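Here is how the chains run, residue by residue.
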Amino acid sequence: MTGPGTLVPQVPPARVAPADPAAADSRVAVLLVEDDDGDALLVEETLRDSGLAVRLTRARSLAEARRELSGEHGPPAECVLLDLHLPDARGLDAVGQVLEMSPRAAVVVLTGLAEEGVGLAAVAAGAQDYLIKGVFEPTVLARSVRYAVQRRQIEQAAVALEAGRMRAQENSRLERGLLPSPLLHGAGVQVVSRYEPSRALGLLSGDFYDVVEAPDGTVHAVIGDVSGHGPDEAALGVCLRVAWRSFTLAGVTGTDVCELMQKVLVAERTGSEIFATVTTVELPPGMAKAEVVRAGHPPLLLRDPAGVRLVETAVGPALGLLPEGHRHWREDHVDLPPAGGLALFTDGLFEGRVSADGKRLGEEGLLALARRNAGRPAEEFVTALISQTRALSADHGGHSDDVALLHLEWNEQK
């Protein structure tokens, strides 16, 4: 308490620092939020006597604390020593506001001797500890700050682990929807597939594929890529993949299935700018030719005993770019060798940067890699394309988009 004639110490933002400047990085950043200059001086002196290496900053109100915790004036505090009687906040409201301002900082509440119950309530509300003013010793204050910071770090690590666990579960659910098992009855076509999320996200996004066999023995395949990244795009990819399988098993094929998939996309997308590229392939019994429909999607790789070539077929706009009610796509066909394979892929496979000047691998670069690995079996061929394109872009950002690769192989029909 102060009265007339009492000399009130004017405490500037205090800095309790180690003597060795090289040790500055090891200091604990502490923000003292205290409007009483006498109490603030007491805390500063107690910290100095404790021997704890800190970088102490003071705020006299929550408004000042907000500026300090914003990070504009340096690294944000690891620990906040918080008085519960401030000009602009009192009690648990002050605790809640500080936790909202700086969710990663530990909070140690400073209370009066008669307010121990309030201190306990503050801990229940999210603070890591409480201390009674005028009672704690230097070692007690130092231990409280260290333990509060450690407890907060442990809490944050637990939150991160739980978020990782939830992400893994979400990835698993999305993977089951985006990357189903082929529905094949015969042994005429062998399927090899790979999916690799982009390095930046590490999360499945909107690429999808599927393979089913109709009752007449025709093998139908699809590969698609929803624009954008994230769980919304992945969910839309799942929706389109399931829609394609349902329509195909119901006997809808070719351009008709693209028309219906566009209706689904327009109905389910979260924004009018979202679109999807798609390629569908039909391999009829006998494998003499493949019927192909492309909606804005990259070309195909055709493998035969002579090597690998890039196959361009008729291509229409991506789904969702043009109004419904107009037939934008047409079927095209590819003559097939008696034994060979078709590789369908999304653009993430060839859009990675492969040089410091930003040059991308491109379709021709991908074709060169495919020809280099032409003699490999299907599993090795697919693995080589993924690993080698990844290696080429590793020093320039890696695969910046998801990569899906679907390989269909057949042998000479007897």
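Residues numbered from 1 in each chain as written. Predicted model: local features only at pLDDT ≥ 70, side-chain atom pairs only at ≥ 80, totals over all residues. Heavy atoms only, no water.

Q: Before we go on, may I ask you to explain the overall build of the protein in this structure?
A: If you tally the helices and strands in the protein, you get nine helices and 18 strands. Relative to its 414 residues, the protein shows a buried fraction of 48%. As presented, the protein carries roughly 19,400 Å² of accessible surface, and 53% of it is formed by carbon and sulfur atoms. (Helix = DSSP H or I, 4+ residues; strand = E, 2+ residues; numbered from the N terminus. Buried < 20%, exposed > 50% of the residue type's maximum accessible area, 1.4 Å probe, protein only. Areas by Shrake-Rupley, 256 points an atom, 1.4 Å probe, with all protein chains shown as cover.)

Q: Would you mind going over the packing of helix α8 (residues 362-372) against helix α9 (residues 378-393) with me for this structure?
A: When two helices pack together, their arrangement is given by the angle between the helix axes and the distance between those axes. Two elements in contact, α8 and α9, have axes whose closest approach is 10 Å; the angle formed by their N-to-C orientations is 135°. Of the possible angle classes, the one that applies to α8 and α9 is oblique. Taken as a pair, α8 and α9 cross one another with a handedness that is right-handed. In this structure, α8 uses L366, L369, A370 and R372 to contact α9, whose residues at the interface are F381, L385, Q388, T389 and L392. Grouping the amino acids of the contact of α8 with α9 by side-chain chemistry returns six nonpolar, two polar and one charged. (Axes fitted to C-alpha atoms, helices over the stretch in contact; angles between N-to-C directions. Parallel < 35°, antiparallel > 145°, perpendicular 65-115°, else oblique. Left-handed = near helix turned anticlockwise from the far one by under 90°. Contact = heavy atoms within 4.5 Å. Nonpolar A, V, L, I, M, F, W, Y, C, P; charged D, E, K, R; others polar.)

Q: Would you mind showing me how to read the pattern of salt bridges here?
A: If the charged atoms of two oppositely charged side chains come close together, the side chains can form a pair. Counted under the stated rule, the structure contains 15 salt bridges. When the shortest N-O distance is used, the salt bridge between K133 and D83 registers 2.8 Å. Of this pair, K133 sits in the loop between β7 (129-132) and α5 (138-178) while D83 sits in strand β3 (residues 79-83), and the two are 50 residues apart along the sequence. With relative accessibility at 2%, the residue D83 sits in the buried group. Among the salt bridges present, the one from D129 reaches R151, with a minimum N-O distance of 3.9 Å. With a gap of 22 residues between them, D129 in strand β7 and R151 in helix α5 connect regions that are remote in the sequence. A relative accessible area of 31% means that R151 is categorised as partly exposed. Here the residues in one salt-bridge network are E34, D39, D83 and K133, joined through shared partners. (Salt bridge = Lys/Arg side-chain N within 4 Å of Asp/Glu carboxyl O.)

Q: What should I look at first to understand the side chain of T111 in this one?
A: Secondary-structure assignment places T111 in strand β6 (residues 106-111). The exposure class of T111 is buried, given its relative accessible area of 1%. T111 has contacts with L84, G119, Y130, L131, I132 and K133, leaving out every residue within four places of it along the chain.

Q: Help me out: how do you make sense of the packing of aromatic side chains in this one?
A: Between two aromatic rings, the relevant description is the distance of the centres plus the angle of the planes. Tallied over the entire structure, the rule returns one aromatic pair. Between F345 and F350, the ring centres sit 6.0 Å apart and the planes meet at 90°, which makes this aromatic pair edge-to-face. Overall, F350 belongs to the buried group, its relative accessible area being 9%. (Phe/Tyr/Trp six-rings, centres within 6.5 Å; stacked < 30°, edge-to-face > 60°.)

Q: Whenever I open this one, the environment of G71 confuses me. Can you help?
A: Among the structural elements, G71 can be located in the loop between α2 (62-69) and β3. Sequence separation between G71 and S102 is 31 residues; the distance between their C-alpha atoms is 9.8 Å.

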